[in-house]
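# Working through the structure, step by step
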Amino acid sequence: MATGRERLEEEADRAVDQFDEGIVDLLSWVLDTETRARIYVYLRQQPHSTSEEIAEGTGLYPSTVRESLAELHEEGTVERRKRQSEGAGNNPYEYTAIAPSDLVSGVVGQIQDELNTVFNLDDHLDTETVDGDSEPVRIRVEDGSDDGATDDDRTGDVESGAGDATDDDE
């Protein structure tokens, strides 16, 4: 029979796993696949990891990890550098994921374009709009972490020009 402490540890592990799965699900949408999301999360937790370490830590096949890392590096989602080691031998690449704020900034343009397509659907369908001409949706992402701001100070505003005047020079 499990002691109270063992049950508490098991529940804590289950909560962490559920949290990680929720993050992976969200990132799967941003990064296109669950595999790439798992690699990103692992690298945020374990920066400067090799492809072998990532494969072992995520349970993914090494060939899948190497292929995904190549794509993520080409897109700028992960950075790589040669691992420095003492003596002769193979110095593998070690990888680090970019900051989440940089990841979000990278996808904002794509999301903005998709939202504008939906927002201006009547224009695309050549139907009359009730509101008249619609201005495009603009997404502004601010990361206040550089000036000591807390997570609560960070904003991700979606603005539509339907009647709201905004100043882009803020």
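Going by the structure above, here's the rest.
So, a few notes on the structure that sits alongside this text. (Residues numbered from 1 in each chain as written. Predicted model: local features only at pLDDT ≥ 70, side-chain atom pairs only at ≥ 80, totals over all residues. Heavy atoms only, no water.)

### What about unusual backbone geometry?
Positive phi is not limited to glycine here, since D32 has a value of about 85°. Along the chain, D32 falls in the loop between α1 (4-31) and α2 (34-45). Take D32: its relative accessible area is 61%, and that puts it in the exposed class. Residues other than glycine seldom take positive phi values, yet H48 does so here, at roughly 65°. (Helix = DSSP H or I, 4+ residues; strand = E, 2+ residues; numbered from the N terminus. Buried < 20%, exposed > 50% of the residue type's maximum accessible area, 1.4 Å probe, protein only.)

### Focus on the packing of aromatic side chains
With the rule as written, the count across this model stands at 1 aromatic pair. Both rings, one in Y93 and one in Y95, keep their centres 6.4 Å apart while their planes meet at 55°; by these two values the pair is tilted. Taking NZ or CZ as reference, R80 lies 4.1 Å from the ring centre of Y93, over its face. Over the aromatic face of Y93 sits the side chain of K82, whose NZ or CZ is 4.5 Å from the ring centroid. (Phe/Tyr/Trp six-rings, centres within 6.5 Å; stacked < 30°, edge-to-face > 60°. Lys NZ or Arg CZ within 6 Å of the ring centre and 35° of its normal.)

### Some remarks on the pattern of salt bridges
The full count for this structure, using the stated rule, is 6 salt bridges. Here R36 ties to E71 by a salt bridge, and the two come within 3.1 Å at their closest N and O atoms. In this pair, R36 is assigned in helix α2 and E71 in helix α4 (residues 62-75), connecting sequence segments 35 residues apart. For R36, a relative accessible area of 6% gives the class buried. (Salt bridge = Lys/Arg side-chain N within 4 Å of Asp/Glu carboxyl O.)

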